[in-house]
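Per-entry structural report
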Amino acid sequence: MSHIHDQELLMGTDSPLQDNILITQVDKLVNWTRRSSVWPMTFGLACCAIEMMATGASTYDIDRFGSGPFRATPRQADLMIVAGTVSHKMAPRVKRLFDQMPEPKFVIAMGACTVSGGPYIKHGYHVLKGVDRIIPVDVYVPGCPPRPEALLEGLFRIQEKMQRERLLDRTRVGVRPKLLVE
Amino acid sequence: MSSEATSTAALAPGGADLRTEEMLLNMGPQHPATHGVLRVMVRTDGEMVLDCEPHVGYLHRCFEKHCENVTTLQAVLYTDRLDYLTAMGNNWGFCMAVEKLYGPELVIPERAQYIRVICQELNRIASHLLAIGTYGMDVGAITPFLYCFREREKILTIFEHICGQRLNYNYIRPGGVAYDVDDAMLALIGDFCSYFLPKIDEYDDLLSGNDIFVKRTANVGVLSAKLAIDYGCTGPVLRGSGVPRDLRKDKPYGIYERFEFDVPVGSGEHGTVGDCFDRYMVRVREMRESTRIVRQALKSIPGGEIRSAKIKAKIRPPKGEAFTRIENSRGDLGFYVVSDGKEVLYRVKCRAPSFHNISVLPEISRGSMLADLIAIIGSLDIVLGEVDR
Amino acid sequence: MERGAIVAEVRKAFGERITEVDEAALEPFVRCEASTWPDLARFLKERCGLDMLVCLSGIDRGKGVGLEAVYNLERCDASRVGIAVKIRVPYEAAVIPSVETVWRTADWHEREAWDLLGIRFEGHHNLVRILCAEDWEGHPLRKDYKSPDRYHGIKNNVV
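Residues numbered from 1 in each chain as written. Chains lettered and ligands numbered in written order. Predicted model: local features only at pLDDT ≥ 70, side-chain atom pairs only at ≥ 80, totals over all residues. Heavy atoms only, no water.

1. With respect to the confidence of the model for chain B
Here is the rule we go by: The predictor's confidence in any single residue is recorded as pLDDT, a number from 0 to 100.
Per-residue pLDDT for chain B averages 87, and the proportion of residues at 70 or more is 95%. In the predicted complex, the global pTM is 0.89; the interface-specific ipTM is 0.91.

Written out as structure tokens, the structure is:
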């Protein structure tokens with residue numbers, strides 16, 4: 001589970017009314033709700049997609065961590081798991097899908113291919129060498145393909161990041177990697 | 001004619017009264033039902049598919065170029081990522097082509113042959129489980145997907161014990177296999193077979209006998225045997241059309257001639273021969289046959305070496321050209337290998353079954369409803385990794 | 001009909017137009033000129049019953065030899081008898097007649113060979129790239145191919 005404890009988030013008062021009144025910061029409440037229902041986009045590209053499916057299916061069951069409903073459309077999703085090799089032919093589509101997602105949005109680069117090009121880095125003339133060349137990535141999950149546990153860990157990191165968001169400060173927490181291509 | 005009958009005729013699909021403006025619809029490359037990054041351009045009239053054209057290449061990973069640049073042993077790694085649901089079969093297909101270059105003097109040790117068969121058939125089951133599960137999901141049933149993954153995880157655990165990977169095994173190498181399998185593992189595989197057979201009945205209850213599922217798939221996307229052969233379709237797609245072609249029977253490679261199994265074919269039990277239901281049912285029945293083969297192999301697996309001593313660590317295939325095919329879970333997977341005696345092969349061409357199977361899509365989807373197009377694509381069970389290579 | 005019989009039939013019907021026959025090779029083949037290919041293809045399908053085009057492999061044979069297309073044909077019955085046909089063309093005139101009307105699967109295979117090796121198939125109804133992006137330059141499986149440094153402004157050769 002996430003390292004943020006809910007007790008810390010919702011502080012009760014010492015008055016006799018403590019069971020009925022909760023005092024918290026709006027930031028924390030909003031972030032808590034947001035990180036407890038992350039909606040990833042169904043975005044399988046290659047081998048890693050199969051492991052992403054396994055993460056969502058019976059044994060690993062991503063629903064336990066508040067991230068169940070894989071959405072088919074980017075407009076309903078707030079997490080993009082880029083699972084699989086991105087080719088040059090596919091790259092403009094990935095960019096467009098990312099642009100269609102509403103803010104705040106997060107990206108997990110799943111697998112060696114999306115992290116850096118993976119086994120295709122040297123001779124793969126048609127392979128994009130890392131998806132961070134076209135969209136900003138929040139969490140990198142290496143592996144070829146990564147185990148479902150690794151993807152879950154990636155999700156926890158995203159949830160931690162969500163918990164650090166500030167409502168008034170609209171810029172995102174943490175430094176986003178500089179885009180190589182605008 | 002009563003007025004009621006007239007209105008029914010007007011509502012029939014394709015009725016002249018319902019003709020509307022034609023529309024070009026772009027499906028994919030990001031679409032939950034295209035099993036990856038397939039893009040289909042559909043020309044529709046209302047909900048009818050007038051024509052469609054698959055666009056592939058969104059996952060072109062330059063497999064053949066890699067084989068010309070890395071050593072033969074390293075190339076096995078890239079074959080994993082072709083049909084990533086049946087990586088064992090890909091390894092085997094490629095290794096078989098390389099082994100053929102060595103000529104008949106190269107004898108693969110018995111134990112390795114048996115391990116190859118066991119792994120390949122288990123992998124076939126895992127692949128069909130995913131095909132069936134996602135096919136259920138395509139036509140609106142989510143439960144079978146979860147059931148299928150439950151069993152699939154068990155197979156993946158077995159593979160993980162054998163070779164350390166869940167998906168891309170890199171296990172079958174030229175001359176044998178990479179590591180030996182211990183007796184405890186073989187016992188575990190035996191247990192899995194006993195556990196798995198009753199589960200197939202469960203799928204039959206959930207999907208094959210499900211009225212909604214049958215209505216969604218029967219008489220949809222009928223592929224005639226002649227058309228299937230013309231388009232080079234193989235595997236469950238061809239067998240679903242009633243053609244009993246299986247390389248394990250016709251041209252037994254490895255040690256397949258020693259095993260007893262049947263080749264299931266489509267019989268049109270709920271509709272026409274060659275419809276989506278037949279293709280689906282062939283896969284379900286093949287899982288039973290695969291379990292049968294695994295059980296026979298477990299009974300007679302001998303001890304001994306697992307790699308031929310003739311193939312050294314530095315693999316330099318002799319000069320020559322070879323073309324071999326194996327029966328992978330999606331059809332005939334072939335490799336055309338050209339070697340000029342160096343450590344790096346001169347040219348490798350992969351004959352991918354999905355490449356042929358998806359090319360038949362326009363022929364069988366013309367005139368169907370748009371929703372049926374999803375059922376048809378799902379029943380072809382393509383893996384884009386090997387379509388685009 | 002066995003493979004030997006097919007070869008004999010082909011030899012009888014085509015005579016000198018078959019330039020080479022090798023039945024002892026690992027993959028037995030017959031070789032012909034590109035101009036003979038449409039007739040031979042129809043003959044193999046209709047008279048010899050080789051109704052399935054299993055594979056079309058394009059090969060870059062290097063300087064001085066040219067490009068080669070290898071067609072693996074097979075009869076789709078229990079015998080699974082088959083033979084390969086090889087056609088060699090020079091780089092400057094890499095043109096082979098299309099056989100998409102004989103075996104329909106040749107359609108996509110020819111597009112692939114055009115895309116990756118630059119063999120032009122004359123008479124193909126839609127000879128466009130199939131795997132690489134539409135505006136890709138060059139034919140990647142040629143031995144002298146250099147992958148582009150940048151594609152649409154994205155750095156490509158990073159190692």
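2. Looking at the domain arrangement of chain B
Note on interface size: it is often stated as the accessible area lost on association of the parts. All names here are of chain B. For the record, the criterion: As used throughout, domain bounds are those supplied by an automatic or database domain assignment. In this analysis, two residues are considered to be in contact whenever any of their non-hydrogen atoms come within 4.5 Å of each other. Values labelled buried area give the accessible surface lost by two parts on being combined, using a 1.4 Å probe and summing over both. Should a side-chain nitrogen of Lys or Arg be within 4 Å of a carboxyl oxygen of Asp or Glu, the pair is scored as a salt bridge. Under the rule applied, a polar contact is a pair of N or O atoms within 3.5 Å (in protein, one hydrogen donor and one hydrogen acceptor; residues adjacent in sequence only if both atoms are side-chain atoms). Secondary structure elements follow DSSP: runs of H or I of four or more residues count as helices, runs of E of two or more count as strands, with numbering from the N terminus. Throughout, the ten residues Ala, Val, Leu, Ile, Met, Phe, Trp, Tyr, Cys and Pro are labelled nonpolar, Asp, Glu, Lys and Arg are labelled charged, and all others, Gly among them, are labelled polar.
Entries for chain B in the domain assignment read domain 1 (2-55) and domain 2 (63-388). Contact residues are listed per partner, giving 19 residues for domain 1 and 17 residues for domain 2. Contact between domain 1 and domain 2 buries roughly 1,600 Å² in total, counting both sides, with carbon and sulfur atoms accounting for 70%. Here domain 1 is connected to domain 2 by 1 salt bridge. Inspection of the domain 1/domain 2 interface yields 4 residue pairs in polar contact (both at pLDDT 80 or more). Contributing elements (two or more residues each) for the side of domain 1 that touches domain 2: β1 (22-27), β2 (39-45) and β3 (48-55). Examining the composition of the side of domain 1 that touches domain 2, we find that 6 residues originate from one element, β3, more than from any other. Taken together, the residues of the side of domain 1 that touches domain 2 break down into 13 nonpolar, 4 polar and 2 charged.

3. Some points on the interface of chain A and chain C
Tallying the contact residues gives 13 residues for chain A and 17 residues for chain C. For the pair chain A and chain C, the summed buried area comes to about 1,300 Å², and 67% of that belongs to carbon and sulfur atoms. Across the contact surface, chain A and chain C share 5 residue pairs in polar contact (both at pLDDT 80 or more). For the side of chain A that touches chain C, the residue count by class is 6 nonpolar, 3 polar and 4 charged.

4. Points about the packing of aromatic side chains
Applicable threshold: Stacked, edge-to-face and tilted labels apply to pairs of Phe, Tyr and Trp rings (six-membered ring for Trp) whose centres lie within 6.5 Å, assigned for plane angles under 30 degrees, over 60, and everything in between, in that order. Each residue is assigned to one of three classes by its accessible area relative to the maximum for its type, calculated with a 1.4 Å probe on protein chains only: buried under 20%, partly exposed between the two thresholds, exposed over 50%. In this scheme, the term charge over a ring applies when either NZ of a lysine or CZ of an arginine sits within 6 Å of the ring centre and within 35 degrees of the ring normal.
According to the stated counting rule, one finds 28 aromatic pairs over all chains in the structure shown. Here Y125(A) and W136(C) contribute two aromatic rings whose centre-to-centre distance is 6.2 Å and whose plane-to-plane angle is 50°, an arrangement assigned as tilted. One end of the pair, Y125(A), is in the loop between α5 (112-116) and β6 (139-141); the other, W136(C), is in the loop between β7 (120-122) and β8 (150-151), on a second chain. The class for W136(C) is buried, based on a relative accessible area of 5%. Through a chain of ring-to-ring contacts, three or more aromatic side chains come together here, namely W92(B), Y114(B), Y253(B), Y256(B), F259(B) and F261(B). Lying across the ring of Y147(B), R150(B) places its NZ or CZ 4.8 Å from the centre. For the cation-ring pair, K86(C) lies above F29(C), with the distance from its terminal atom to the ring centre recorded as 4.0 Å.

5. Points about unusual backbone geometry
Cis geometry marks the peptide bond from C144(A) to P145(A); its omega dihedral reads -10°. In this structure, P145(A) sits in the loop between β6 and α6 (148-163). The residue N170(B) is not glycine, and still its phi comes out positive at about 55°. Along the chain, N170(B) turns up in the loop between α6 (143-163) and β4 (172-173). Judged by relative accessible area, which is 18%, N170(B) ranks as buried.

6. Focus on the pattern of salt bridges
Residues and elements named next belong to chain B. Scanning the model with the defined rule gives 57 salt bridges over all chains in all. Two residues, E121 and R124, come together in a salt bridge whose shortest N-O distance is 3.1 Å. A residue pair is termed a helical-turn pair when its members lie 3 or 4 positions apart in one helix, as E121 and R124 do in helix α5 (residues 110-138) at 3 residues. Among the residues examined, R124 registers a relative accessible area of 0% and is labelled buried. Residues joined by salt bridges that share partners form a network here, namely E121, R124, R239, D246, R248, E286 and E327.

7. Looking at the pairing of strand β2 (residues 29-32) of chain C
Residues and elements named next belong to chain C. Threshold: Here the rule is simple: two strands pair whenever DSSP picks up at least two bridges between them.
Burial along β2 is two-sided: the face carrying F29 and R31 and the face carrying V30 and C32 are both buried. In the sheet, strand β1 (residues 18-22) pairs with β2 via 4 bridges, with the strands oriented antiparallel. Across the sheet, the residue bridging to D22 is F29, located in β2. In sequence, β1 turns back onto β2 through a hairpin of 6 residues. Bridge analysis of β2 against strand β5 (residues 82-89) gives 4 bridges, and the strand direction is parallel. Paired with C32 across the bridge in β5 is I87.

8. Considering the nonpolar core
Formally: Buried Ala, Val, Leu, Ile, Met, Phe, Trp, Tyr and Cys residues that are joined via side-chain atoms within 4.5 Å together make up what is termed a nonpolar core.
Counting 219 residues, the largest nonpolar core has M80(A), I162(B), Y171(B), F335(B), W37(C), Y71(C) and V85(C) as the members making the most contacts within it. Of the residues forming this core, the biggest block, 13 residues, is contributed by α5(B). Two domains each donate at least three residues to this core, and these are domain 1 (2-55) and domain 2 (63-388) of chain B. Non-local contacts of I162(B), meaning those with residues more than four positions away in its chain, are made with C119(B), Y171(B), Y179(B), V181(B), M185(B) and I189(B).

9. Focus: the layout of surface pockets
The criterion, for reference: Using a grid of 1 Å spacing that covers the protein atoms alone, one calls a set of points a cavity when a 1.4 Å probe fits there but cannot get out, and a pocket when the set is open and has protein on both sides within 12 Å along at least five of seven lines; lining residues are those with an atom within 4 Å of a point. Grid points are joined across faces, edges and corners, and a volume is the space filled by probe spheres set on the points.
Of the pockets and cavities examined, the largest pocket occupies roughly 900 Å³. Taken together, 37 residues line the largest pocket, and the ones lying closest to its centre are T42(A), M53(A), P32(B), M137(B) and F145(B). When residues of the lining of the largest pocket are traced back to their parent elements, those giving at least two are α3 (47-56) of chain A together with α5 and α6 of chain B. When grouped by side-chain class, the residues that make up the lining of the largest pocket number 23 nonpolar, 9 polar and 5 charged. Taken as a whole, the second largest pocket spans an internal volume of roughly 750 Å³. Forming the walls of the second largest pocket are 31 residues, and the residues nearest its centre are M96(B), K100(B), Y253(B), F323(B) and T324(B).

10. Concerning the sheet that holds β1(B)
Residue and element names in this part refer to chain B. Quick reminder of the rule: Helix axes are fitted only over the stretch in contact, all axes being lines through C-alpha atoms; the angle between N-to-C directions runs from 0 to 180 degrees.
Taken in spatial order, the 3 strands line up as β1-β2-β3 in an open sheet, and their pairing is antiparallel. Strands with a single pairing partner mark the edges of an open sheet, and in this sheet they are β1 and β3. Recorded for the sheet is a direction-independent mean angle of 20° between the axes of neighbouring strands. Pairing analysis gives 7 bridges linking β2 to β3, with the strands arranged antiparallel. Bridging from a neighbouring strand, M41 pairs with E53 of β3.

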